[in-house]
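Letter by letter, the chains look like this.
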Amino acid sequence: MRDLARRLALITPAFAIAAGGASGAGASSSDTRALALNVIESGDRVEVELIANSPVTQQVEYEIELTGSSHARHRGSTSIAAGNRQVLSTLKTNVGDGWCATVSVSEASGARYTLTAGDCALD
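Let me sum up the structure you'll find in this document.

Criteria and cut-off values
Residues numbered from 1 in each chain as written. Predicted model: local features only at pLDDT ≥ 70, side-chain atom pairs only at ≥ 80, totals over all residues. Heavy atoms only, no water. Disulfide = S-S within 2.5 Å. Helix = DSSP H or I, 4+ residues; strand = E, 2+ residues; numbered from the N terminus. Buried < 20%, exposed > 50% of the residue type's maximum accessible area, 1.4 Å probe, protein only. Polar contact = N/O pair within 3.5 Å; in protein donor to acceptor, adjacent residues only side chain to side chain. Contact = heavy atoms within 4.5 Å. Salt bridge = Lys/Arg side-chain N within 4 Å of Asp/Glu carboxyl O.

**Some points on the state of the cysteines**
Then, in step 1: What the rule picks out here adds up to 1 disulfide.
Then, in step 2: Sulfur-sulfur distance for the disulfide between Cys100 and Cys120 comes to 2.0 Å. Measuring handedness by torsion sign, the sulfur bridge of Cys100 and Cys120 sits at about 95 degrees and is right-handed. Here Cys100, found in strand β7 (residues 100–107), pairs with Cys120, found in the segment after β8 (112–118); they are 20 residues apart in sequence, far enough to count as distant.

Listed below in structure tokens is the structure:
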């Protein structure tokens, strides 16, 4: 059951918060997050997409980090149009013994939160 909750946490921010996959100032199940993670696991590879789907037009800053058999990091700042779902960043790695994806987000509203997936989401 915990594995199901973890996988659902990867789909939407509301599930991520309920499953412990998002934390930070103001994190609650009633919050609407501008960014979410989408994870595609295939064999010994994982692909992590950072998805923007904000209910309001706003500026967001983010830093995404993916650790597995290798380490990748991407930082960005962008304006997101309201209701315009788009992929902001895609990172891929071989998973080996495990993997962890972490995204630190700052929204124009002042909201700050962290999204996690993989082994680090289970803590």
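From this point, the discussion proceeds with the structure in view.
**Comments concerning the side chain of Ser106**
Then, in step 1: Turning to its location among the elements, Ser106 is positioned in strand β7.
Then, in step 2: A relative accessible area of 18% means that Ser106 is categorised as buried.
Then, in step 3: Within the structure, the side chain of Ser106 is placed 2.6 Å from the side chain of Arg112, a separation counted as a polar contact.
Then, in step 4: Excluding residues within four positions of it along the chain, Ser106 makes contact with Gln59, Val60, Glu61, Ala111 and Arg112.

**Details of the pattern of salt bridges**
Then, in step 1: By the definition in use, this model includes 3 salt bridges.
Then, in step 2: A salt bridge links Glu63 to Arg73; its shortest N-O distance comes to 3.3 Å. Residue Glu63 is found in strand β4 (residues 58–67), and its partner Arg73 is found in strand β5 (residues 71–80); the two are separated by 10 residues along the sequence.
Then, in step 3: Here Glu63 ties to Arg75 by a salt bridge, and the two come within 2.8 Å at their closest N and O atoms. Note that Glu63 is positioned in strand β4 and Arg75 in strand β5, a separation of 12 residues in sequence.
Then, in step 4: Assessed through its relative accessible area of 21%, Glu63 is described here as partly exposed.
Then, in step 5: Residue classification places Arg75 among the exposed positions, given a relative accessible area of 62%.
Then, in step 6: Salt bridges sharing common partners tie together Glu63, Glu65, Arg73 and Arg75.

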